[in-house]
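Summary of structural features
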Amino acid sequence: MYGAQLIHALRARLPGLEFFGVGGDRMREAGCDTVIDAKDLAVVGITEILSHLPKIYGLFDNLISEADRRRPDLAVVIDSPAFNWRVARQMKKRGIPVIYYVAPQFWAWRRGRVKLLRKYVTKALVIFPFEEKFYRERGVDATFVGHPLAELPVPAISREAYAAQHRIDVTKPWITVMPGSRVKEVRMNLPTILQAADQLGPEYAFLLPIAPTLDREFLRTCTVGRTVALVPDALPALHHSRAGIVASGTATVEAAMMGTPFVMVYRVSPLTYLLGKPRIKVPYFAMVNLIAGEKIVPELVQHDFTAANVAAYMRELLPEGDVRARMIAGLAEVRARLKPTATDPRTAADRAAEEILRFLPSGPSVPSVVSANGNPAARIGVQ
């Protein structure tokens, strides 16, 4: 999504740009020649990644070989630090400027890795307000451009039309469940979410948006025997839902943008949790809580993530009352903080594009960009 937004913003300013790299359907639709599909890199966790390493290294080699063949003028890497700092290193060796859009969350853990950005990245474009200060204090040229989701419009489709389109009972309150965007996350999170749905009872309708990195058939098999509506887009589901059960990650920001109260949940393998927990340097897991500087939404992680706990918190959020009102007000504050200024009409992608174009070489030739993440490069490589 972020890569596609950025490509559109760059092309609006310099129509001759060409893009290739790593991406998914949205980036392909925006005009990026995807050398690697982002689905093939969608792995999360410390132990979980080990079995995928040979494949990932093969894809990495293919991307670098393609960059050598096409010789991009600029590389833009988006998120995915374990993969993208290696892309950045190879581009730096070749004298190609590297822009990091959606900089790694090294402030949360592995802070020593900031040195990688200092060494290999020309410019960091950060999407959370506290990140600019963090990176600048550590010698990284960083600029806060705003969050790409901060300008999301409220979906135009009515609740009635959405219900008819996806065969959802419009008379029931809706709960959107978002177990993650990777297969492993779904397998770890969804069963407990569904158990919580059972405890909440049939008076609610449950919606499960299909992440672009997941197959509908996989989710159908995960929900067989359950009354769960599989829907294509998260934002209309969240907007029209009474509340949500949302796995930690970008989906929590999407829920905040829609003003939908939710409970944050997450689980990884026991070994990953054991290895990762001591490295965490921040007080909260949920991004909305980090932005607010206080606990706005409940966090149920690992052993605390039980069906009974989820159902208990949901019963507090679903009816009108102080708990619900406080969360809605807190989410509104988070939305306000994700834009650099309330009066700036530009989107995060607009601001990022203007920063990026400063690093393109001057001259008459059409630039090409490489992207990794599937993220962008003029020839721009985007990863």
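Note that the structure is predicted; figures quoted are calculated from it, not measured. (Residues numbered from 1 in each chain as written. Predicted model: local features only at pLDDT ≥ 70, side-chain atom pairs only at ≥ 80, totals over all residues. Heavy atoms only, no water.)

1. Observations regarding the packing of aromatic side chains
Tallied over the full model, the rule gives five aromatic pairs. Taken together, a centroid distance of 5.1 Å and an interplanar angle of 85° make the contact between Phe134 and Tyr135 edge-to-face. Over the aromatic face of Trp174 sits the side chain of Arg159, whose NZ or CZ is 4.0 Å from the ring centroid. (Phe/Tyr/Trp six-rings, centres within 6.5 Å; stacked < 30°, edge-to-face > 60°. Lys NZ or Arg CZ within 6 Å of the ring centre and 35° of its normal.)

2. Points about the pattern of salt bridges
Summed over the entire model, instances satisfying the criterion amount to 22 salt bridges. The residue Arg13 makes a salt bridge to Asp350 at a minimum N-O spacing of 3.3 Å. Within this pair, whereas Arg13 is found in helix H1 (residues 2–13), its partner Asp350 is found in helix H16 (residues 348–357), the two being separated by 337 residues in sequence. With a relative accessible area of 31%, Arg13 lands in the partly exposed category. Assessed through its relative accessible area of 19%, Asp350 is described here as buried. Across the pair Arg70 and Glu66 runs a salt bridge, and its minimum N-O distance is 2.7 Å. Of the two residues, Arg70 and Glu66 both sit in helix H3 (residues 53–70), four residues apart, roughly one turn of that helix. Judged by relative accessible area, Glu66 falls into the buried class, the value being 15%. Each of Arg13, Asp344, Arg346, Asp350, Arg351 and Glu354 takes part in one network of salt bridges that share partners. (Salt bridge = Lys/Arg side-chain N within 4 Å of Asp/Glu carboxyl O. Helix = DSSP H or I, 4+ residues; strand = E, 2+ residues; numbered from the N terminus. Buried < 20%, exposed > 50% of the residue type's maximum accessible area, 1.4 Å probe, protein only.)

3. Looking at a positive patch on the surface
Together, Lys93, Lys115, Arg118 and Lys119 give the surface a local cluster of positive charge. Ranked by the residues each element gives to the positive patch, the list is headed by helix H5 (residues 114–120), at three residues. Inspection of the secondary structure assignment puts Lys119 in helix H5. (Patch = residues over 30% accessible without salt bridge, like charges linked within 9 Å, V, L, I, M, F, W, Y side chains within 5 Å. Areas by Shrake-Rupley, 256 points an atom, 1.4 Å probe, with all protein chains shown as cover. Lys, Arg positive; Asp, Glu negative; His and termini not counted. Charge placed at Lys NZ, Arg CZ, Asp CG, Glu CD.)

4. As for the confidence of the model for the protein chain
Across the protein chain, the average pLDDT comes to 87, with 89% of residues at or above 70. Counting interchain partners and residues more than four positions distant, the pLDDT-below-50 stretch residues 363–367 has 12 contacts. Every residue in residues 374–378 scores below 50 in pLDDT, and together they form 53 contacts with partners more than four places removed in sequence or on other chains. (pLDDT = per-residue confidence, 0-100. Contact = heavy atoms within 4.5 Å.)

5. Notes on the nonpolar core
Formed by 125 residues in total, the largest nonpolar core has its most connected members in Tyr101, Tyr135, Ile175, Val297 and Met314. With seven residues, helix H8 (residues 183–200) is the single largest residue contributor to this core. Not counting residues up to four positions away in its chain, the partners in contact with Val297 are Phe262, Met264, Ala286, Val288, Asn289, Met327 and Leu331. Formed by nine residues, the second largest nonpolar core is a distinct cluster that contains Leu207, Ala229, Val231 and Ala237. (Core = buried A, V, L, I, M, F, W, Y, C linked by side-chain atoms within 4.5 Å.)

6. Focus: the packing of H1 against H16
Where H1 contacts H16, the axes come no closer than 8 Å and their chain directions differ by 60°. In terms of orientation, H1 lies oblique with respect to H16. The crossing of H1 and H16 is right-handed. Between H1 and H16, the contacting residues are Gln5, Leu6, Ala9, Leu10 and Arg13 on the first element and Ala349, Asp350, Ala352, Ala353, Glu354, Ile356 and Leu357 on the second. The class makeup of the residues in the contact of H1 with H16 is eight nonpolar, one polar and three charged. (Axes fitted to C-alpha atoms, helices over the stretch in contact; angles between N-to-C directions. Parallel < 35°, antiparallel > 145°, perpendicular 65-115°, else oblique. Left-handed = near helix turned anticlockwise from the far one by under 90°. Nonpolar A, V, L, I, M, F, W, Y, C, P; charged D, E, K, R; others polar.)

7. A closer look at the side chain of Ser241
As for its placement among the helices and strands, Ser241 is situated in the loop between helix H10 (234–239) and strand E10 (243–247). At 2.6 Å, the side chain of Ser241 and the backbone oxygen of Ala237 are in polar contact. Ignoring sequence-local partners within four residues, the contact set of Ser241 consists of Trp174, Ile175, Thr176, Leu207 and Thr260. (Polar contact = N/O pair within 3.5 Å; in protein donor to acceptor, adjacent residues only side chain to side chain.)

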